[in-house]
Amino acid sequence: MDKNDREHSNQQTDIPHSGDHHHDHAKQHSHAHGGHGGDQGGHMGHHDHHAHMVEDFKKRFYISLILTIPILILSPMIQMFLDVNWRFAGDMYISFALSTIVFFYGGWPFLTGAKDEIQEKSPGMMTLITLAIVVAYVYSSAAAFGFAEQDFFWELATLIDIMLLGHWIEMRSVMGASKALEELAKLMPSEASIIDQDGNVKVVDITELRHGDHVLVRPGEKVPVDGEIIEGKSTIDESMLTGESVPVEKETGDEAIGGSVNGEGSLIISIKKTGEETYLSQVIKLVKEAQESKSKAQDLANRAAKWLFYGALLAGLLTFVIWLSLGYSVSFAITRMVTVLIIACPHALGLAAPLVVAVSTSIAAKKGLLIRNRASFENARFIEAVVFDKTGTLTRGEFGVTNIAASSPYAEEEVLSLAAAVEAHSEHPIARGILKSAKERQLSIPSVSNFQSLTGKGLQGEVDGKEIMVVSPGYVRSQNLSFDEGPFNEWSAEGKTVVFTLVNGKIAGMIALADIIRDTAKEAIHQLNELNIKSIMLTGDNTKVAQYVGAKLGMDEIFAEVLPHEKSDKIVHIQTKEGLRTAMTGDGVNDAPALAKADLGIAIGTGTDVAIETADVVLVKSNPMDVLNIIKLSKATYRKMLQNLWWAAGYNIVAIPLAAGILYPMGIVLSPAVGAILMSLSTVIVAINAKLLKID
């Protein structure tokens, strides 16, 4: 059958990954959000679980903050700093009691997180925080009962408060964990109309279907499972599954894919695949595998925390040993060691990354970029190749008139106007394209009488007493009507769909339609080339269409007629064989495995929920130019994060040796009070620096 043949009729269709230190804390809540079967299990999934964690950090922060106020007021060190004396009998025991609550309640996420990091032999931020708060709590408790010289309860409480705040800000800004598998499952209908041996139709649950069963698929319904058409003829919209932009003509003997949408004809399908054998189930499997295999890159602050942890332990031990060897008391040596270990966990480091992330996320939102996976977003600065899906990404995913050839005595506008008059009665994508183009040109569309659909041929109606037909090339050839083969062959070679307008049985002209290229796509490809980033098209659409669009845009490489599992394979090929860090931009179900497999998955906001939920970044405005903004923002975010980490680390470089007493012979020693001032100054600098983040 001619590729451009189609059937018209009146149709009504019824149709936040956070850093590694967050997933550790997640484990303690897993019992609360296990699957319970059915919809409830799906909705109480990872997303709700993540939301619960954000609320948990928020609650712990506020309660700890409230308890910190009396701890600060009761602190002898703070009172000395303010030159006041509010001491009274038993005040240390009240500080101990309040600090114990803050330590176990506020510090619990860090204690459990440190346990997991130590078990995995990968100490990071959680271990560093835990080292500081455990040392502060144990030593201060000893001081409260007269076994040590001074307490650090205020330092303990403020450290826990700031770290809880940092984690809360960070998790809230990257919330939106993947629901891709849940969204994929929604695409499949839950029921099907089965035809029994007596020819009766009854609705059954999709799980009851077996190989060889016959199901009825009415116009506008979703195909329940993969099978072969044994009766009927229709067009089926597979765009969300395969990327084919044009609804595909289907008749007896053709395959129908579960989850695709039937057009205007009724079909009877013999089931060939069920359960995990189906096309959609295979896509689900690919997405799951890709998500699980994606590496969990530790963020910068966590890597810095790992080295600070080892550095703090070494500095603390050296401090203790050196002061003892110099003949100082055990009490003095322990005090200096404790000061080093507490100061080694800078508050600024806990806020360095989260504040930049929060500002970066805010900038992204204003520019229409929704960041879902921070680790992948930060690594966008390394991207060397951007792979684009065609339909709905580089193009709008909707038909538009590209060319018109009129036969004498008709003008182009008249050919389009007459075609639009007849097509106004159809819901076919081609009909919508012709009608939209006629309206954009502000053409008058005459009224039609005696409208009818010609099965497998096109549409027919009467306008001012003349018989108007809009038909396929197949019909024109069957009637042996002559036409200009030159433009027809040229347009067909470009993968365009061509229809003919007939007046009283004679050709008035022909109209070519194609998926409209987005205005911003060409500029986006041009700017990527200037950055030496390779642009690649990866589409399930046919080669002619892909080559036409690719040539218009100046793409470096084109892969066409690619099946979903091949899409993810192509991403791996580009990553491994060509050695390029790859971003994938797409909008359909067929793009989901590739989006998950890519170093950076970018979904178009107008695409399917599945693509959006699988992606690391979502382009709300569906603008290909925003791919450049992602890369620019990623680079700016990384620079700002490095600056902040150096500020935070710089505090340590100065404070730890002073706390250890390196200048003690000169009468200079860093007291915890002075350490607190330096710490506060470092935190303020980090906060201001984060606010200065911007992109061109």
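What counts, and at which threshold
Residues numbered from 1 in each chain as written. Predicted model: local features only at pLDDT ≥ 70, side-chain atom pairs only at ≥ 80, totals over all residues. Heavy atoms only, no water. Helix = DSSP H or I, 4+ residues; strand = E, 2+ residues; numbered from the N terminus. Buried < 20%, exposed > 50% of the residue type's maximum accessible area, 1.4 Å probe, protein only. Areas by Shrake-Rupley, 256 points an atom, 1.4 Å probe, with all protein chains shown as cover. Pairing = 2+ DSSP bridges. pLDDT = per-residue confidence, 0-100. Contact = heavy atoms within 4.5 Å. Axes fitted to C-alpha atoms, helices over the stretch in contact; angles between N-to-C directions. Salt bridge = Lys/Arg side-chain N within 4 Å of Asp/Glu carboxyl O. UniProt positions renumbered as here; feature names shortened; annotations may be inferred. Right-handed = clockwise from strand over helix to strand, strands pointing away. Polar contact = N/O pair within 3.5 Å; in protein donor to acceptor, adjacent residues only side chain to side chain. Phe/Tyr/Trp six-rings, centres within 6.5 Å; stacked < 30°, edge-to-face > 60°. Lys NZ or Arg CZ within 6 Å of the ring centre and 35° of its normal. Expected span 1.5 Å × (residues − 1).

Caption draft 1: Looking closely at the overall build of the protein. Tallying secondary structure elements over the protein gives 27 helices and 22 strands in all. Relative to its 696 residues, the protein shows a buried fraction of 55%. About 29500 Å² of surface is accessible on the protein, with carbon and sulfur atoms providing 56% of the total.

Caption draft 2: Here's a closer look at the pairing of strand β14 (residues 458-463). The buried count for β14 comes to 5 of 6 residues, which makes it a mostly enclosed element. Hairpin connection, strand β13 (residues 449-454) to β14: the antiparallel pair is bridged by 3 residues, and Gly456 has positive phi, about 75 degrees. Sheet analysis places β14 next to strand β15 (residues 466-471), joined by 6 bridges and oriented antiparallel. When the bridges of β15 are listed, Leu459 appears paired with Val470. In textbook terms, the turn of a hairpin is the stretch between consecutive antiparallel strands, and for β14 and β15 this stretch comprises 2 residues, one of which, Asp464, has a positive phi near 55 degrees.

Caption draft 3: Highlighting unusual backbone geometry. For the peptide bond that leads from Ser408 to Pro409, omega is 10 degrees, which places it in the cis range. Turning to its location among the elements, Pro409 is positioned in the loop between β12 (395-406) and α17 (412-423). Even without a glycine there, the phi angle at Lys121 is positive, about 55 degrees. In this fold, Lys121 is placed in the loop between α6 (108-119) and α7 (125-144). Under the relative-accessibility criterion, Lys121 is labelled exposed at 74%. Even without being glycine, Glu561 reaches a positive phi, approximately 50 degrees. Relative to the helices and strands, Glu561 resides in the loop between β19 (557-559) and α23 (564-576). A residue is classified by how much of its surface remains accessible, and Glu561, at 48% relative accessible area, is partly exposed.

Caption draft 4: Molecular detail of the confidence of the model for the protein. Of all residues in the protein, 83% have pLDDT values of 70 or greater, and the mean over the chain is 80. Low pLDDT, under 50, characterises residues 1-47; the stretch is placed with 127 contacts to residues that sit more than four places away or in other chains. The low-confidence segment residues 174-179 (pLDDT under 50) makes 28 contacts with residues lying over four places distant or belonging to another chain.

Caption draft 5: Structural context of the environment of Leu67. Inspection of the secondary structure assignment puts Leu67 in helix α3 (residues 46-74). Leu67 sits in the buried class, given a relative accessible area of 17%. Taking C-alpha positions, Leu67 is 7.9 Å from Ser99, a pair spaced 32 residues apart along the chain. Leave out the neighbours within four places in its chain, and Leu67 touches Leu98, Ile101 and Val102.

Caption draft 6: Fine view of the sheet that holds strand β22 (residues 617-619). Strand order in the open sheet made by the 7 strands is β10-β22-β21-β20-β11-β18-β19, with mixed pairing throughout. The open sheet terminates on both sides in strands that have one partner only, identified here as β10 (369-371) and β19. Direction aside, the axes of adjacent strands within the sheet are offset by 20 degrees on average. Bridge analysis of strand β11 (residues 385-388) against strand β18 (residues 534-538) gives 4 bridges, and the strand direction is parallel.

Caption draft 7: Molecular detail of the pattern of salt bridges. One pass over the structure, following the stated rule, counts 11 salt bridges. Of the charged contacts in the structure, one is a salt bridge between Arg218 and Glu221, with a shortest N-O distance of 3.4 Å. Looking at Glu221, the relative accessible area reads 28%, which means it is partly exposed. The salt bridge involving Lys567 is made with Asp591; its shortest N-O contact spans 2.5 Å.

Caption draft 8: Local environment of the UniProt feature "transmembrane region" (unreviewed entry) in the protein. Those places that UniProt annotates as "transmembrane region" (unreviewed entry) correspond, in this numbering, to residues 61-81, 93-114, 126-146, 152-169, 307-326, 338-365, 645-664 and 670-690. Structurally, residues 61-81 comprises 95% helix and 0% strand, and the distance from its first C-alpha atom to its last is 26 Å. Secondary structure across residues 126-146 comprises 90% helix and 0% strand; the distance between its end C-alpha atoms is 30 Å.

Caption draft 9: Quick look at the pairing of β18. Most of β18 is tucked away: 4 of the 5 residues are buried. Relative to β19, β18 is paired through 3 bridges, and the arrangement is parallel. Across the sheet, residue Met537 finds its bridge partner in β19, namely Ile558. In this fold, the crossover linking β18 to β19 by way of helix α22 (residues 543-553) has right-handed handedness.

Caption draft 10: A look at the side chain of Asp591. Residue position: Asp591 is located in the loop between β20 (582-586) and α24 (592-597). Since its relative accessible area comes to 0%, Asp591 is described here as buried. Within the structure, Asp591 has its side chain in polar contact with the side chain of Lys567 (distance 2.5 Å). Excluding residues within four positions of it along the chain, Asp591 makes contact with Asp389, Lys567, Met584 and Gly586.

Caption draft 11: A look at the sheet that holds strand β6 (residues 248-250). Strand order in the open sheet formed by 3 strands is β6-β5-β8, with antiparallel pairing between adjacent strands. The outermost strands of the open sheet, each flanked by one partner alone, are β6 and β8 (261-262). Pairing analysis gives 3 bridges linking strand β5 (residues 234-237) to β6, with the strands arranged antiparallel. Residue Thr235 lies in a different strand from β6, and its bridge partner there is Glu249.

Caption draft 12: Geometry of the packing of aromatic side chains. Throughout the structure, instances matching the rule amount to 22 aromatic pairs. Here Trp323 and Tyr328 contribute two aromatic rings whose centre-to-centre distance is 4.9 Å and whose plane-to-plane angle is 90 degrees, an arrangement assigned as edge-to-face. Note on Phe488 and Phe500: the rings are 6.0 Å apart at their centroids and 40 degrees apart in plane angle, and the pair reads as tilted. Of this pair, Phe488 sits in helix α20 (residues 485-493) while Phe500 sits in strand β16 (residues 497-503), and the two are 12 residues apart along the sequence. Three or more aromatic residues joined by ring pairs make a cluster, and in this case those are Tyr93, Phe96, Phe103, Phe104, Tyr137, Phe145 and Phe153. The ring of Tyr638 is capped by Arg381, whose NZ or CZ atom sits 3.4 Å from the centre of that ring.

Caption draft 13: View of α17. In this model, α17 (12 residues) spans 16 Å end to end at C-alpha, consistent with the 16 Å of a helix rising 1.5 Å per residue. Counting buried positions along α17 gives 9 out of 12 residues, so the element sits mostly inside the fold. Among the residues of α17, those classed as buried are Val415, Leu416, Ser417, Leu418, Ala419, Ala420, Ala421, Val422 and Glu423.

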